[in-house]
Amino acid sequence: MQRDKHIQQFAVVGLGQFGLAVARCLYDRGHEVLGIDRREEPVQHAKDVLTHAVQAELYDVAVVGELGLDEMDAAIVAIGDDVEANIFSTALLLEAGVRRVVARAGSPLHAMILTRVGAHQVVYPEADSGVAVARGLRAPGITEHIDLAPNIGISRLRSPDAWCGHTLDELRLTREDPSFVALVIQRGEETITFPGPGERIEVGDTLAILAQENKLDELLPPRRRGR
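Here's a quick rundown of the structure. (Residues numbered from 1 in each chain as written. Predicted model: local features only at pLDDT ≥ 70, side-chain atom pairs only at ≥ 80, totals over all residues. Heavy atoms only, no water.)

### Topic: the overall build of the protein
Where we set the bar: Where helices and strands are cited, they refer to DSSP runs of H or I of at least four residues and of E of at least two residues respectively, numbered from the N terminus. For the radius of gyration, the atoms used are the C-alpha atoms, and the globule rule reads 2.2 Å times the number of residues raised to 0.38. Each residue is placed in one exposure class: buried if its accessible area under a 1.4 Å probe, protein chains only, is under 20% of its type's maximum, exposed if it is over 50%, and partly exposed if it falls in between. We call two residues in contact whenever any of their non-hydrogen atoms come within 4.5 Å of each other.
The secondary structure content of the protein amounts to six helices and eleven strands. A globule of 227 residues ought to have a C-alpha radius of gyration of about 17 Å, and the protein, at 19 Å, matches this closely. Counting only C-alpha atoms, the protein reaches 55 × 40 × 30 Å along its principal axes. Relative to its 227 residues, the protein shows a buried fraction of 45%. Considering only contacts within the protein whose residues lie at least 6 apart along the sequence, 60% involve residues at least 24 apart.

Structure follows, in structure tokens:
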């Protein structure tokens, strides 16, 4: 059976308070989440709230393959009590070819090392909540999000390549589809407020979109009519 394209598969390595918050948020939004920790207690707890949870330690690429992490849409390394394990796990996931690796950092030096290793994104639990990190995993193009109500917010993102050349109407980013409505387009020095349905997206455009939180997973794939 073909998997629903909006249901993504995530792995969270490290099931402490921060890692479990990210994992539960992704799971609660309908995604498949594999939680991994080297400790038995957090794994047993996670089994009741995630798709799968396993007790394991990432020590070589073979383990990454055995757990199927190389097939995941994204993985977050949320290990916070062992910097060496954090960096090593990040490097292994990248070496195994995981499409997107987000790593937790505890200091600027740690963040610099993770960036040099090749992490696609580095987050600080002190500044980035589990909900915000999960949102970034669900829709990686979003750089900012402001909550207006429990299920409504404004998201800021740079136009994906697949959108360029298409109108807002073709992309279903107008008031006819209340899930996502383009409010502003920033095009270089030009600001286009309340753009019309015939406005075409250009390379480099930045958009502010009124978005339903529970449908963010549907935002970034090509959204042309008839899809």
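### Here we look at the sheet that holds strand β9 (residues 180-187)
Sheet strands line up and pair through hydrogen bonds in the backbone, either parallel or antiparallel. To keep things clear, this is the line we draw: When DSSP finds at least two bridges between two strands, those strands are taken to pair. Angles here are taken between N-to-C directions and fall from 0 to 180 degrees, while the axes themselves are lines fitted to C-alpha atoms, restricted in helices to the stretch in contact.
What the five strands build is an open sheet, ordered β7-β8-β11-β9-β10; its pairing is antiparallel. Bordering the open sheet on either side are β7 (142-149) and β10 (190-193), each of which pairs with just one other strand. For this sheet, the mean angle separating the axes of adjacent strands, direction not counted, is 20°. Here β9 runs beside β10; their pairing, made up of four bridges, is antiparallel. Its bridge partner lying in β10, Gln186 is registered against Thr191.

### Comments concerning helix α1 (residues 17-28)
Basically, it comes down to this: Expected span of a helix: the number of residues minus one, times 1.5 Å.
An ideal rise of 1.5 Å per residue puts 16 Å on twelve residues; α1 measures up with 16 Å between its terminal C-alpha atoms. Among the residues of α1, Phe18, Gly19, Leu20, Val22, Ala23, Cys25 and Leu26 are the ones counted as buried. One or two residues past the end of α1 sits Gly30, with phi positive at roughly 95°.

### Concerning unusual backbone geometry
For residues other than glycine, phi is negative in most cases, and the peptide bonds are mostly trans. Phi at Arg172 takes a positive value of approximately 55°, unusual for a residue other than glycine. Inspection of the secondary structure assignment puts Arg172 in the loop between β8 (152-158) and β9.

### Some remarks on the pattern of salt bridges
Selection criterion: Only one rule defines a salt bridge in this text: a Lys or Arg side-chain nitrogen within 4 Å of an Asp or Glu carboxyl oxygen.
All told, the structure shown has 13 salt bridges when counted by the stated rule. Asp73 is paired through a salt bridge with Arg99; the nearest N and O atoms lie 2.9 Å apart. Note that Asp73 is positioned in the loop between α3 (61-66) and β4 (74-77) and Arg99 in the loop between α4 (83-95) and β5 (101-104), a separation of 26 residues in sequence. Beyond isolated ion pairs, a larger network of salt bridges with shared partners links Arg29, Arg138, Glu213 and Asp217.

### A closer look at a nonpolar patch on the surface
Defined as follows: To count toward a patch, a residue needs a relative accessible area over 30% and no salt bridge; like charges are then connected within 9 Å, while nonpolar side chains (Val, Leu, Ile, Met, Phe, Trp, Tyr) are connected within 5 Å. Per-residue and other accessible areas follow the Shrake-Rupley method at a 1.4 Å probe size, with only the shown protein chains counted as cover for residues.
Together, Leu109, Met112, Ile113 and Val117 make up a nonpolar patch on the protein surface, roughly 320 Å² of accessible area in all. Of note, Val117 is situated in helix α5 (residues 108-117).

### Examining the side chain of His31
Heads up, the condition is: Distance and chemistry together define a polar contact, namely a pair of N or O atoms within 3.5 Å, with one atom able to donate a hydrogen and the other to accept it when in protein, and with adjacent residues in sequence counting only for side-chain atoms on both sides.
Position of His31 relative to the elements: it lies in the loop between α1 and β2 (32-37). With relative accessibility at 3%, the residue His31 sits in the buried group. Within the structure, the side chain of His31 is placed 2.5 Å from the side chain of Asp217, a separation counted as a polar contact. When neighbours within four sequence positions are excluded, His31 is seen to be in contact with His6, Ile7, Gln8, Phe10, Leu26, Thr51, Arg138 and Asp217.

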